[in-house]
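Structural characterization, general
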Amino acid sequence: MFRLKRCAAHFPALLLTAIGVSIASAQKAPIDITADLSDAPRKLFHADIDFPVSAGPLVLTSPEWIPGHHMPGGPAGLTSVVFTANGMTLEWQRDDVDMYEYHLTIPPGVTTLHARVESIATRRVSQRLAALEWEALMLYPAHVPVKEIPIQPSVKVPAGWGIGTALKPVSGGSYPIPSAGAVTKFEATNVEQLEDSPILTGLYFHEYPLAPTVSPKHFLDVAADAPDDANLRPAVLAEAANLVREADALYASHHYSEYHFLLTLSDVAGGMGLEHGQSSDNGVGEKGYADDVHQLPEADLLSHEFTHSWNGKYRRPAGLHQPDFAMPMHGALLWVYEGMTQYWGDVLAARSGLKTADQYKDGVAMVAADLDYTRGRDWRSTQDTAVAASVLRGGNPAWSNWKRSQDYYFEGELLWLDADTLIRKMTDNKKSLNDFVKIFLAKGGNTGPLIVTYTFDELVQDLNQVAPYDWGKFLHDRVDRINPRVDVAGLEQGGYKLVYHDKPTKSERMIQAAEGRRGAGIDCWYSIGLRLGADGAIADVLWNGPADKAGLAPGEKVMAVNDKVYSADALREAIREAKDPSKAIRVIVQADSFVSTMQIDYHDGERYPALERVEGTPAYLDDIIKPMTTPEKAPEQKKDSAE
Ligand SMILES: [Zn+2]
């Protein structure tokens with residue numbers, strides 16, 4: 001159940017209708033918006049917007065429930081807005097219930113309303129690049145389906161900065177590098193599509209065409225803080241091209257007229273992964289693709305966001321489609337929208353060479369172990385983490401294993417692995433989840449950008465087309481019920497089991513090495529139940545684990561271990577020494593302005609998750625990650641070692 005934010009008393013139905021009619025007639029001409037990113041290095045965006053209007057009341061709004069965010073965006077995006085008409089400033093009032101809405105009265109004789117909008121850019125911007133998601137600057141008439149509002153976009157960027165976007169230039173072809181003050185004008189679109197079409201711009205910018213034999217066209221648009229980083233390695237470009245071919249083979253349809261991976265490489269502009277129908281907004285660190293070690297932590301980013309073009313954008317749960325960006329989202333099917341995307345993003349990364357087969361398997365082991373050591377599964381279903389996505393997203397990470405976080409991503413990955421291997425098992429490997437997505441995601445064949453909603457029942461029907469089974473029960477059992485242990489059926493049906501070793505896998509060591517340059521900590525989660533930063537700050541404590549029982553808490557800081565000043569090595573050594581039951585793990589812990597000594601009662605040594613092959617069983621997991629296409633160019637041999 002949900003409650004509409006707007007109460008009927010606040011917007012009498014008659015007035016609402018009248019405003020809608022007035023806008024509909026006024027909206028034959030498009031809104032004209034020019035985003036000005038010339039001040040991006042000062043972290044300021046501006047826009048000039050002209051609205052075709054007629055005399056009378058007008059309600060403008062900015063988007064609240066932005067697709068892909070799974071939570072309200074917050075109305076603070078617009079820092080200031082000044083309305084003028086015929087040279088005069090117009091007064092306005094904010095709606096006192098819906099903070100996103102601006103109420104104006106258009107005077108007689110006015111046909112164009114101008115808005116000057118300023119926005120402080122808090123992320124996705126550096127001295128050398130910027131990514132614009134249009135909600136930072138956009139206003140449009142409220143209470144009208146956004147796909148029915150025509151809009152004519154343009155952009156100004158700093159002189160010499162390249163432009164990447166799925167929007168099409170009016171001039172046709174590719175974008176010329178703009179000179180100072182130049183305005184790049186795009187083809188007219190509607191508000192729904194503009195919100196779905198971010199712009200990447202940067203001084204060190206490259207647009208790489210990918211897999212030219214695949215139609216329609218695909219591009220990797222890269223902006224970096226340093227010129228060398230924008231020159232992606234040939235291996236990365238080959239893997240990205242493989243990704244395009246693999247997705248083309250798997251999904252057997254497309255729902256874009258051209259696809260642009262927009263990618264920033266910057267330690268300043270922040271990490272990002274936001275899906276769009278014809279593009280995706282991706283952000284990694286400035287060395288994120290510099291070598292195999294740095295590539296591994298985000299190796300499934302491009303494949304995940306690309307998959308969303310089919311799963312999430314084209315096919316969308318009915319409750320996650322907001323025709324006006326104002327209706328609250330229902331997250332109930334996010335374990336499909338995100339969970340199945342997590343599954344295919346990871347599988348496609350392995351099929352295209354963005355990660356190796358071993359890296360894929362090590363990653364699945366880490367996912368399964370992490371979820372199994374999530375104590376919140378004693379009280380909360382996976383479904384509840386999806387329904388509550390908007391309040392779990394961005395929350396305080398302390399005790400997150402007891403609260404659970406957005407587990408619908410990785411629980412979804414294991415659920416769809418379970419479904420894939422079950423179909424293979426039932427059909428002697430003749431059918432698989434590949435066949436399911438060809439039905440579920442390719443309905444209607446090739447289309448332009450389009451949203452086709454679905455329900456739980458359609459999911460079940462389509463699974464039954466591949467292999468008859470009680471899929472409704474299968475899904476309900478895994479999603480709706482409280483399951484204290486993780487679903488490892490997919491691993492076991494895939495020919496593997498989850499085990500723990502006293503040394504981390506090569507992949508885990510590579511990820512630690514990649515993160516080390518930012519001061520990575522130590523993960524003692526499966527031994528003493530602690531995750532610590534490089535300085536000993538406790539990121540989280542396993543609920544009811546050994547460190548919890550000893551009295552440690554997130555936010556405290558380990559200062560010393562067994563009479564030595566804290567270091568990751570000192571803690572690991574103490575855990576190893578405590579395999580001797582007579583030896584304790586003593587820690588001095590700072591909590592606020594106090595210190596105390598605690599003793600962790602644990603004697604099983606270090607433990608790190610891995611997959612182990614069960615010989616004599618079908619290795620469906622290996623079949624799943626085999627490429628469906630022949631690479632045009634073999635990727636470089638990946639190094640599996642962190643050394
Ligand atoms: Zn996603």
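As shown above, the structure is provided for reference.
Summarised in this report is the structure supplied together with it. Once a new chain begins, its residue numbering starts again from 1 and follows that chain's sequence as written. Residues qualify for local features only when their pLDDT is at least 70, as the model is predicted, and side-chain atom pairs are given and counted only at 80 or more; totals for whole chains, interfaces and linings, by contrast, use all residues. Hydrogens and water are ignored here; the side-chain numbers use all heavy atoms of the structure.

Looking at the packing of helix H14 (residues 433-440) against helix H15 (residues 456-466)
- One can describe the packing of H14 onto H15 by two numbers: an axis separation of 9 Å at closest approach and a directional angle of 130°. Taken together, the axis directions place H14 and H15 in an arrangement best described as oblique. The handedness of the crossing between H14 and H15 is right-handed. Here Leu433, Asp435, Phe436, Ile439 and Phe440 of H14 come into contact with H15, specifically with Glu458, Leu459, Asp462, Leu463, Gln465 and Val466.
- Throughout, the ten residues Ala, Val, Leu, Ile, Met, Phe, Trp, Tyr, Cys and Pro are labelled nonpolar, Asp, Glu, Lys and Arg are labelled charged, and all others, Gly among them, are labelled polar. Taken together, the residues that form the contact of H14 with H15 break down as 7 nonpolar, 1 polar and 3 charged. Angles shown run from 0 to 180 degrees and are taken between the N-to-C directions of axes, each axis being a line fitted to C-alpha atoms and, for helices, limited to the stretch in contact. Strands are runs of DSSP state E lasting at least two residues, helices are runs of H or I lasting at least four, and both sets are numbered from the N terminus onward. Angle categories: roughly parallel below 35 degrees, roughly antiparallel above 145, roughly perpendicular from 65 to 115, and oblique for all the rest. In this scheme the handedness of a crossing depends on how the near helix is turned from the far one: anticlockwise by less than a right angle means left-handed, clockwise means right-handed. Note on contacts: a residue pair qualifies if any of its non-hydrogen atoms lie within 4.5 Å across the two residues.

Overview of the sheet that holds strand E12 (residues 162-165)
- Strands are treated as partners if at least two bridges between them are detected by DSSP. Taking strand neighbours across the sheet as the criterion, the 3 strands line up as E9-E15-E12 in an open arrangement whose pairing is antiparallel. Looking at the sheet topology across the chains shown, the edges are occupied by strand E9 (129-132) and E12. Taking each pair of neighbouring strands and ignoring which way they run, the sheet shows an average axis angle of 15°.

Remarks on unusual backbone geometry
- In this model, serine 215 is joined to proline 216 through a cis peptide bond whose omega is 0°.
- With respect to the helices, strands and loops of the structure, proline 216 is situated in the loop between strand E16 (204-210) and strand E17 (218-224).
- Even without a glycine there, the phi angle at lysine 43 is positive, about 60°.
- Assignment of secondary structure puts lysine 43 in the loop between strand E1 (31-36) and strand E2 (44-52).
- The classification of residues rests on relative accessible area computed with a 1.4 Å probe and restricted to protein chains. Under 20% of the type maximum is buried, over 50% is exposed, and intermediate values are partly exposed. A relative accessible area of 30% means that lysine 43 is categorised as partly exposed.

Notes on the coordination of the zinc ion
- Note on donors: an N, O or S atom is included if it sits within 2.8 Å of the metal, or within 3.2 Å for Na, K and Ca, and water is never included, so sites can look incomplete. Listed as protein donors to the zinc ion are His304 (NE2), His308 (NE2) and Glu338 (OE); their distances from the metal cover 2.0 to 2.1 Å.
- When the donors of the zinc ion are listed by position in the chain, the intervening gaps give H-x3-H-x29-E. Of this pair, histidine 308 sits in the loop between helix H6 (301-307) and strand E21 (315-317) while glutamate 338 sits in the loop between helix H7 (334-337) and helix H8 (339-352); the two residues are 30 residues apart in sequence, bridging distant segments of the chain. Judged on exposure class, the residue histidine 308 and its partner glutamate 338 are both buried.

Observations regarding the sheet that holds strand E10 (residues 140-141)
- Spatially, 4 strands are ordered E6-E7-E3-E10 in an open sheet, and the strand pairing comes out antiparallel. For this open sheet the edge positions go to strand E6 (93-94) and E10, each flanked by a neighbour on one side alone.
- Summarising the sheet, strand E3 (residues 56-61) and strand E7 (residues 101-106) pair through 6 bridges and their orientation is antiparallel. Bridge assignment links glycine 56 to a residue of E7, and that residue is isoleucine 106.

Looking at helix H16 (residues 471-479)
- Among all positions of H16, only Trp471, Gly472, Phe474, Leu475 and Val479 are buried. End-on, the buried residues of H16 take up no more than an arc of 165°, which puts them together on one face.
- On the buried face of H16, the contacting elements are H7, helix H10 (382-387), helix H13 (408-426) and H15. Regarding the arc, it is the one traced by the directions from the helix axis to the C-beta atoms.

Here's the deal with the side chain of serine 507
- Inspection of the secondary structure puts serine 507 in helix H18 (residues 506-516).
- Once residues within four sequence positions are removed from consideration, serine 507 is found in contact with Leu296, Asp358, Gln359, Asp362 and Met366.

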